[in-house]
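If you want the building blocks of each chain, they are given just below.
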Amino acid sequence: MGIGQGVQKTDAVQKVMGTAKFVEDMIPQNALHAKVFHSTVANGLVKSIDCSEAWKIPGVKAIITCFDVPNVPYITAGHPLSFDPNHDDVRDRLILSRRVRFFGDEIAAVAAVDPLTALKAVEAIRVEYEEYEPVFTPEDAIHAAHPVNPAYPTNELARLDFSISDSTVTWGKAAFSTEQNIAGREDLQSDHFSVPAVHAAHIENNACYAYMEGERMVVVTCNQVPFTTRRNIASALGIPLGRVKVIKPFLGGGFGNKQDTLYEPIAALLSQKLGGAPVALVMTREETFTCSRTRHAMDFYTALELDENNKMKKRAVRINSNGGAYAAHAHAIAAYAVTNYFQTYSADVVQIGESSTMYTNLPSAAAMRGYGIPQLAFAIESQMDDLAKQRGIDPIAFRKINMMKKGFLDPFDHFVVESYGLEACMDKGAEAVNWEKKRKEYDAFNQSSPIIKKGIGMAIFSYKTGVYPLQVENGACRIILNEDGTAQIQVGATDLGQGSDTVFAQIVSEILTIPESKLSVISAQDTDVTPYDAGAYASRQTYVSGGAVKKAALILKDKILARTAEVKHCAAEPLMLENEQIVQHAGEPPIASIAEIAAFVQYCNDHVLQTEQLTAEATYTCMSNTFAFGACFADVEVDVPLGKVRVNKIVAVHDSGTIINPKLAAAQVHGGVAMGVGYALSEQLQYDKKTGRMLNDNFLDYKIPTSMDVPEMETYFVETYEPSGPFGNKALGEPPLIPQAPAIRNAVLHATGIAINKLPLTPQRLVEAFISAGLIRAED
C-alpha cells in the first residue's frame, strides 16, 4: 500500500535495543528510600503529628509532614494545559494533606537508608485527628455536614446538563437527584443500572525517584504523560518549569492509572530537603490499589420511549458519578459518558442528559481504559436488550433501527462520521457465532433444563479517537538519519505496552523504505530533549502521534531527495525512494543509496557543498475526530443453583479503520476482552462501610481473571478508511474493553430471562435474583 492508503501491513514487533529497564531497575544504589504515613480515618483534620519516636530510629534521614509542605494546591490530572476555564482541571491537592479526605490519605513521609527502616519510622509516627462523619456515596455526600472539599459545600464537583434538538445542544442546569423521573417528567420513567469502582491492576506498581542536578529537580517515573507530570511537579514545588526534568523509562502497564501525578512531588520535596540526594518512592501493591486511581463507580437512570415501529421517540439519562476524595479528572469522565449516550443511539423527539460528579471519602477515581464508556455501555446496552425482549424483536434488528449511521453529525464536537463499519461489525459477529441458529437452539435447550441454562448475547459501542476539540491534540517527532542509513526515531508519545513504538517504526519504514530492523525507536522519554507529546491516553497514539511521525518522515524524505539532486546534479522532482535506494523512476537502477547520501552530505570536505546531518523534526496538530466502532458476542452457560456464569466464547469485531499491525491489533483486543470479562463477572473494589478502608487491596482478594478464566476468543476487524487518520486508522487501544460486560449480561438474560442491572455478576448476586424471580427456591 502507498502513502495515503495505509502503511504496509506487518506482524512485526519492534525489537528493544538493549535491556528494557523499569523505574525500580534504575534506582541508584546510593538512593534513600521513602515510605508514606497514611491516614487511619476517612474524613477529618490532622490536629498534631508526633515524629519524635520516628527520629530515634537509626538510618532515618528526613521526615516531612502535612505541616511542612507548600500551601499551594496543584493539579494531578494528566491533561494538556487548557486556556479555556471550562476545561481547566481542579487544583485541590497538596503534597501532603492536613485535611484528610479518605482512609489512606498521605499526611507524612519518611526518607531512610532502606525501605524497612523507612517503614519502621512511619509506624512510629503518632497522629491526632479531629474526625468527621465520612460519606461514601453521592447521595450521602450531598448532605454531608463536613464537605470533603470545603470549596464545594454540597460536595458536587461539577455537572453537565443539556437537551438536544435537531443536532443542537441547549445547555441547562439540573439538581442532583436519585428520583426515577428524569428532569422531573412523568413521561421519562427510568431504569436504574449500577457499576462499581474497579482498579486497573497493572503489574508494575507506581514508582518514582527524584534527585537534583544543581538547582534542577530530576524525577524518574513510570508515568504515561511525562510533560504534564513535569508541569504538575513544578506547580506542587512552586518552582519554574525549566527547573524540572522528568524521565520516563519503560512502563509495566498503566491503562490510564499512570496518567495522574501521584507520589512524584513527595519524592521531589524529600530530595530538596536532603540537598538533592536521590530519594526513591515505590508503592506497595496495597498502596497502588488504595492511593493511585480507580475507575468511577456510577449510577445510571435511563429512560426510553419507542414508537410503534420500535424507533426511539424519547431518550434521557442521568449519571451520578462517585469521584472520590480528590478531583483528579473532575467531571470529564462522566461528561464523556453522558454525551456518548446520545451518539451511539439517538431519539427523534426528546433527548435529555443530566450528569453529576460528587466528592466522597473514597479513593480518587480518574482515567481508566475506556474513560467512562464501559460504565455507560453496560447501562444502555443492557436496556436495549431489555426493550427488545419486551417488544419481541431480535436485539440486533432493534439496534439497527436506532443506532448511529454513516454521515451522523456529532452534536457536541460537530464532526461528521465518514468511516463507518458498525453494521458490518454486527453482521460479521452474528455470522461468526451463528446468532439466529444458536438463539433458537438455546431457547429449546433452556425449556427442558432447569439447572444449566445457555445464552448468547451481544453489545455494541462507539468511541472517539483523541479529545479534539475539547483540548489541543498535538505531538512531535524527531528522526535522525545516520551515515550508514540507519535511523533513530524520538517521540514524546509513551509506549506502555500497547505497541505504539512498533507502529511508529512501521510508519517511518513505509515512507523512507528503510527496514524496521534498521530503525530504533527511543522508548524512554526525557522532557529536556524529547520532542513534546501530550502522552498516552484517549486511544490517540497512532491517530495523533502517528501523524507527527508521518509528517517528520515526509520532511526527511524530501531532504534526502533534495540533497541527492544536489550531489548528483539532477532534478529532484522525479526522484523517489525504493528499497533504501534513490531512483529517478520506478524500477530503474539506483543512482545512490540513502546511506551513501547521508554519509556524503555529513562528511564531504567540499567548499561548495554544505555539510549536514540529515534530520527532521515536526509537530502535528490534529484538528479532527472520528468514531471507532465494534460489537461483542458472548456465549455463556449459567449454573442456576450456584449462580455461576461460564463464558464459553467471546467474538469481538472492531472497526478501527485501517489495521496497520494485525498482530498487535489482535493482542489489544485479547487484552481488552480479558479485562472486560473481569469487569462483568468478578471485579469490584470493596470498602469497610464504617471506616472506608479498602478491604481487597491485593491480588489475592481482588479478583481479576487468570489464564484459566479467560474464554475462547475470536477476533475480527472490519476495515474502513478514515480520511482524518495518518494512514486511515483510528482508535483501538481502549475500545476492546467496552462491550464485554453488557454482552455477557445480555447472554445471561437470554439464558435465564432475568435482567441483572448491577455489576459484577457474582454468584451471590445472581442467586439472589434467581430466588426473587422464582427460578430457584431459597431452601434449595
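Anything mentioned here points back to the structure above.
Conventions we followed
- Residues numbered from 1 in each chain as written.
- Predicted model: local features only at pLDDT ≥ 70, side-chain atom pairs only at ≥ 80, totals over all residues.
- Heavy atoms only, no water.
- Helix = DSSP H or I, 4+ residues; strand = E, 2+ residues; numbered from the N terminus.
- Buried < 20%, exposed > 50% of the residue type's maximum accessible area, 1.4 Å probe, protein only.
- Phe/Tyr/Trp six-rings, centres within 6.5 Å; stacked < 30°, edge-to-face > 60°.
- Lys NZ or Arg CZ within 6 Å of the ring centre and 35° of its normal.

Q: Mind showing me how you'd approach unusual backbone geometry here?
A: Both trends apply: most residues other than glycine have a negative phi, and most peptide bonds are in trans. The amide bond that connects tyrosine 468 to the next residue, proline 469, takes the cis arrangement and shows omega of 5°. By the secondary structure assignment, proline 469 is in the loop between strand E18 (452-464) and strand E19 (474-481). Geometrically, the link from leucine 759 to proline 760 is a cis peptide bond, its omega value of -5° lying close to zero. Position of proline 760 among the secondary structure elements: in the loop between helix H17 (740-752) and helix H18 (763-773). One non-glycine residue, alanine 201, lies in positive phi territory at about 55°. With respect to the helices and strands, alanine 201 occurs in the loop between strand E10 (191-195) and strand E11 (207-213). Since its relative accessible area comes to 10%, alanine 201 is described here as buried. Notably, histidine 414 is not glycine yet its phi reads approximately 60°, a positive angle. Looking at the element boundaries, histidine 414 is found in the loop between helix H10 (395-402) and helix H11 (422-433). By relative accessible area, histidine 414 is classed as exposed at 57%.

Q: Would you mind going over the packing of aromatic side chains with me for this structure?
A: Aromatic rings considered in pairs are described by the distance between their centres and by the relative angle of their planes. A full pass over the atoms with the stated rule returns 19 aromatic pairs. Pairing phenylalanine 415 with phenylalanine 627 gives two aromatic rings, centres 5.3 Å apart and planes at 40°, and the pair type is tilted. Note that phenylalanine 415 is positioned in the loop between H10 and H11 and phenylalanine 627 in strand E27 (residues 627-639), a separation of 212 residues in sequence. Of the two residues examined, phenylalanine 415 and phenylalanine 627, each falls in the buried class. Taken together, Phe162, Trp171, Tyr341, Phe342 and Phe412 form an aromatic cluster joined through their ring pairs. Positioned above the aromatic ring of tyrosine 537, the side-chain terminus of arginine 540 is 5.3 Å from the ring centre.

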